[in-house]
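Descriptive analysis of the structure
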Amino acid sequence: MRDFVDMPDARTRHEQGLTLSGISLSRNGTTLLNDITCALPPSGITAVMGPNGAGKSLLLRVAHGLIDADQGLVLWQGDAVTEEARKAQAMVFQKPVLLRRSVEANVDFALKVAGIRHPSLRDALLNRVGLKGRNKQPARLLSGGEQQRLALARALATNPKLLFLDEPTASLDPTSARMIEDILREERDAGTKIVLVTHDVPQARRLADDVLFLTSGQLHCHQDAASFFQTPDSPEAARFLAGHILN
Amino acid sequence: MGDALHLAGQLVLSGDPDLWEIVLLSLRVSLIATLIACIIGLAIGSLLAVSRFRGRSAVLVVINALMGLPPVVVGLIVYLNLSRSGPLGFLGLLYTPTAMIIAQTILITPIIAALSRQILEDLNHEYAEQFRSFGLSRIGQMKALLWDGRFALLTVALAGFGRAVAEVGAVIIVGGNIDHLTRVMTTAIALETSKGDLPLALALGMILLTIALVVNGFVQSVRSTATRAAYA
């Protein structure tokens, strides 16, 4: 599993992707993440899969630097994820956190934080996520799918090199989900590294280039997507794909 | 009582210059005090909302306790500082509207700081991860929270103004209730009632209540509009 991608010190910085090394996290005596080590390639879509409570969202937060692990190291292109480094990353949460402002003000906020002054960029982003002409509407009055698309537009406004998404299409209608998947494919093709938490197996099949599979805070396998869905390395993953309920 | 109310109504409607001088001074003093207290209190409240440091709980306890500052104690402290023999006596501010503004500012700043801290901290619970994801600085977080919490903070400013405009103990000590100089609605009501001049006291009381109703109505209307637009 650890050999799927070479460890980053053998590569140039630009070729290095996201490296998690010995990530462990416990709370109140419960181990939530247990010695997770993997090296994700610098491009493509990595799907993080597993049953509820596997630690997928937590791993995403640790990788993005929102939560400090008790032990271990997170490196992006060979460097630790500092506050400054995080500006080259973005995250879309399962429940979109929108500011109490208009649609366009939400995107403007992200552009301003990223120091980007390009008046037409905001409209281009809103157009891209299907919110053209909704600029002045209060963001929180949008439907769930629209809110998630706005959150994605805001994340893309910072032009991230690394994009984390925590179940972005959970509870969305198929149209919104497909629109988000299309944008993720475009971003991947444009060179953005995407780490996507999902327990939607068909979605992972459609999008993923490689898959991390976790249960109970334990990384069971890291495989390229084709082989994962064909012959998963771990029996837990095989049971999960077969539709069994994992504890 | 009926005659007094009738005379009070006449005073209000006739535009009695003495009465309106008192009303305008009251509004000027309390609005300036509220503005200064908002600048200081919102800065403190937002800083506390986004900061975690050793001793923070103790700071919160102190600020919350200061919300109940007795006005006469504030008046006394300001008096001692501004009196001729006090450290700030050289400024010559005692028995001026400025002294009253200082006293009211001291009185309501903790109210604004404590209430805004609670509102902004609740908001920050919602936004914190997103702000961290953006790599937003502490100042950036404070500014964003203040802007997004602006409609809820209007109520806080209103609470501060209400406390200031209704306050009598501190302003009578540092202002002295001097006619045409430092006489405000509350001190005038206290004086006229003790003199038995009920019409003027009642007229001022009616205006004070009307101001409270109008300001509350305005803030409520703004908040309702904001809530409908999901901005509050």
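Source: prediction; values computed, not measured.

1. Some remarks on the interface of chain B and chain A
Between chain B and chain A, the contact holds 13 residues from the first and 18 residues from the second. Of all the elements, helix α5 (residues 97-134) of chain B adds the most residues to the side of chain B that touches chain A, at seven residues.

2. Details of the sheet that holds strand β6 (residues 89-92) of chain A
All names here are of chain A. An order of β6-β7-β8-β3-β9-β10 is seen for the six strands of this open sheet, with the pairing classed as mixed. Edge positions in the sheet fall to β6 and β10 (218-224), since each has one partner strand and no second. Averaged over all adjacent pairs, the angle separating strand axes in this sheet is 15°, with direction ignored. Judged from the four bridges that link them, strand β3 (residues 45-49) and strand β9 (residues 210-215) form a sheet pairing that is parallel. Of the residues in β9, the one forming a bridge with V48 is L212.

3. Side note on the sheet that holds strand β1 (residues 18-27) of chain A
Residues and elements named next belong to chain A. If you trace the four strands from one edge of the open sheet to the other, you get β2-β1-β4-β5, paired in antiparallel fashion. Only two strands of the sheet have a single partner each, and these edge strands are β2 (30-40) and β5 (79-80). With five bridges joining them, β1 and strand β4 (residues 71-76) adopt antiparallel strand pairing. Each residue of the ladder has a partner; that of S21, found in β4, is L73.

4. Remarks on the nonpolar core
Of all hydrophobic cores here, the largest spans 82 residues; its most connected members are A:V48 and A:A153. Residues in contact with A:A153, not counting those within four places in the same chain, are A:V107, A:L125, A:L126, A:R128, A:V129 and A:L131. Formed by 50 residues, the second largest nonpolar core is a distinct cluster that contains B:A37, B:A157, B:A164 and B:A188.

5. Let's talk about helix α4 (residues 119-128) of chain A
Residue and element names in this part refer to chain A. Here α4 has its buried residues at R122, L125 and L126. Looking straight down α4, one finds its buried side chains confined to an arc of 95°; they lie on one side. Those residues of α4 that are exposed and angled more than 90 degrees off the buried face are S120 and N127. Buried residues belonging to α4 abut α3 (103-113) and α5 (144-157). Once α4 ends, the next one or two residues include G130, with phi positive near 75°.

6. Some words on the pairing of β4(A)
All names here are of chain A. Judged from the two bridges that link them, β4 and β5 form a sheet pairing that is antiparallel. By the bridge assignment, L75 is partnered in β5 with A80. Taking the residues that link successive antiparallel strands as the turn, the β4-β5 hairpin has two residues, and the phi of Q77 there is positive, at about 50°.

Rules of the game
- Residues numbered from 1 in each chain as written.
- Chains lettered and ligands numbered in written order.
- Predicted model: local features only at pLDDT ≥ 70, side-chain atom pairs only at ≥ 80, totals over all residues.
- Contact = placed C-beta atoms within 7 Å.
- Helix = DSSP H or I, 4+ residues; strand = E, 2+ residues; numbered from the N terminus.
- Pairing = 2+ DSSP bridges.
- Axes fitted to C-alpha atoms, helices over the stretch in contact; angles between N-to-C directions.
- Core = buried A, V, L, I, M, F, W, Y, C linked by C-beta atoms within 7 Å.
- Buried ≥ 20, exposed ≤ 12 C-beta atoms within 10 Å, placed from the backbone.
- Arc of directions from axis to C-beta.

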